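Okay, here's what each chain looks like letter by letter:
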Amino acid sequence: MKRSSRIVFIALGALLVGIQFIPVDRSNPPADPGQDYLALAQPPTAVATILKGACYDCHSHNTTYPWYAYIAPVSFWIRGHINDGRRHLNFATWGASEAGRKARKLDECAEEVESKGMPENFYTWMHASARLTDAQRGELVTWFKAEHEEAMSELTPEELKKMKEHGQEHH
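What this report covers is the structure whose coordinates are included nearby. (Residues numbered from 1 in each chain as written. Predicted model: local features only at pLDDT ≥ 70, side-chain atom pairs only at ≥ 80, totals over all residues. Heavy atoms only, no water.)

This next bit is on the nonpolar core. Counting residues in each nonpolar core, the largest one holds 35 residues, and the members touching the most others are Tyr37, Leu51, Phe91, Leu140 and Phe144. Looking at this core, the elements with two or more residues in it are helix H2 (37–41), helix H3 (45–54), helix H4 (74–88), helix H5 (99–114) and helix H7 (134–153). Residue contributions to this core peak at six residues, all from H7. Apart from the residues within four sequence positions on either side, Phe91 is in contact with Gln35, Asp36, Tyr37, Leu51, Cys55, Tyr56, His59, Ser60, Cys109 and Phe144. (Core = buried A, V, L, I, M, F, W, Y, C linked by side-chain atoms within 4.5 Å. Buried < 20%, exposed > 50% of the residue type's maximum accessible area, 1.4 Å probe, protein only. Helix = DSSP H or I, 4+ residues; strand = E, 2+ residues; numbered from the N terminus. Contact = heavy atoms within 4.5 Å.)

Set out below in structure tokens:
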């Protein structure tokens, strides 16, 4: 091995060891159980089980961090992914969301599950409970569509108008 290659290899190794000491926040913020989607929507047990296994790690404050979430640089990527997931949809704070947002998110959930956009492939590689069968996908999609219809029916005329103005009307 050439001297310059050896130096690069040693420097990369030192960098990988060094970044292990950069802390990554893996805490779950406190959450009011009464605001959680499962508590409020009370889906059938099968749907709740699917949601917990395939969605809650990234889309709630109930994240269970796997062993590889403690190894940098993967830990940085996972933390960023979870932050992004919670920002887009957080089942732990569902009750605090406004009605129009809930209706939009339920519609998005049905679309993402139906199109196989969620759960994401990289997540299912390491999480067997997130690997959904076609039947499980169908069950989730049916649930989300029914919840979306119910949410839409409960919107006030002002909320419906606001959604239409923002191009987020009912599908």
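Next comes the rest of the description.
Scanning the entire structure with this criterion turns up six aromatic pairs. With centroids separated by 5.0 Å and ring planes inclined at 80°, the aromatic side chains of Tyr37 and Trp94 adopt a geometry described as edge-to-face. Here Trp94 lies in the loop between H4 and H5 and Tyr37 lies in helix H2, a separation of 57 residues in the sequence. We note that Tyr37, like Trp94, is buried. Seen from their ring centres, Trp67 and Tyr68 are 5.4 Å apart, and the 90° between their planes marks the pair as edge-to-face. Among the aromatic residues, ring-to-ring pairing joins Tyr37, Tyr56, Phe91 and Trp94 into one connected group. (Phe/Tyr/Trp six-rings, centres within 6.5 Å; stacked < 30°, edge-to-face > 60°.)

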